Amino acid sequence: MSPAQFIAFINDLLGELNYKEESNVETGHITRTAAYAFADDLIIHTTDIMGVKKALKVLFDWCERNYIEINLKKCGIFELRQDKRTPRE
């Protein structure tokens, strides 16, 4: 697949992931999600764990529809926190 074909192919995934905002009526909390791609790499940025779960569901559903297999050995989660709590193990 050429780079131009890949860009056209992945563009719909980025459209599904990018700049989503969802608010929780009960708590007033807003979850923001954005995705960034370079070559064959993808970064999904979200503001909370619910955003991570929803973004991964979108990603896996898209992969299933498009017969794409993700190499989970090359995947990871990087957590940044503003508070001083210990990250989840």
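Structural notes, computed from the coordinates. (Residues numbered from 1 in each chain as written. Predicted model: local features only at pLDDT ≥ 70, side-chain atom pairs only at ≥ 80, totals over all residues. Heavy atoms only, no water.)

## Looking at the overall build of the protein chain
Right, on to step 1. A tally of regular secondary structure across the protein chain gives 2 helices and 3 strands.
Right, on to step 2. Ordered by position in the sequence, the α and β elements of the protein chain form the string α-β-β-β-α.
Right, on to step 3. Counting across all 89 residues of the protein chain, residues that qualify as buried make up 18%.
Right, on to step 4. Restricting the contact set of the protein chain to residue pairs at least 6 apart, pairs at least 24 apart contribute 27%.
Right, on to step 5. When the accessible area of the protein chain is evaluated, it comes to approximately 7,700 Å², of which 57% is carbon and sulfur surface. (Helix = DSSP H or I, 4+ residues; strand = E, 2+ residues; numbered from the N terminus. Buried < 20%, exposed > 50% of the residue type's maximum accessible area, 1.4 Å probe, protein only. Contact = heavy atoms within 4.5 Å. Areas by Shrake-Rupley, 256 points an atom, 1.4 Å probe, with all protein chains shown as cover.)

## Looking at the pairing of strand 2 (residues 30-38)
Right, on to step 1. In the sheet, strand 2 pairs with strand 3 (residues 41-46) via 6 bridges, with the strands oriented antiparallel. For Tyr36, the partnering residue across the bridge sits in strand 3 and is Ile43.
Right, on to step 2. Between strand 2 and strand 3, which pair antiparallel and follow one another directly, the connecting turn spans 2 residues, one of which, Ala39, has a positive phi of 55°. (Pairing = 2+ DSSP bridges.)

## Brief notes about the environment of Asn18
Right, on to step 1. In this fold, Asn18 is placed in the loop between helix 1 (3-17) and strand 1 (20-23).
Right, on to step 2. Considered as a pair, Asn18 and Thr33 are 15 residues apart in the sequence and their alpha carbons are 6.2 Å apart.
Right, on to step 3. In contact with Asn18, not counting residues within four places along its chain, are Thr33, Ala34 and Ala35.

## Description of the packing of helix 1 against helix 2 (residues 49-65)
Right, on to step 1. Direction vectors running N to C along helix 1 and helix 2 enclose 155°, while the axes themselves pass 10 Å from each other. Of the possible angle classes, the one that applies to helix 1 and helix 2 is roughly antiparallel. The crossing of helix 1 and helix 2 is right-handed. On the side of helix 1, the interface is formed by Phe9, Ile10, Asp12, Leu13, Glu16 and Leu17, while helix 2 contributes Ala55, Val58, Leu59, Trp62 and Arg65.
Right, on to step 2. Looking at the contact of helix 1 with helix 2, its residues break down into 8 nonpolar, no polar and 3 charged. (Axes fitted to C-alpha atoms, helices over the stretch in contact; angles between N-to-C directions. Parallel < 35°, antiparallel > 145°, perpendicular 65-115°, else oblique. Left-handed = near helix turned anticlockwise from the far one by under 90°. Nonpolar A, V, L, I, M, F, W, Y, C, P; charged D, E, K, R; others polar.)

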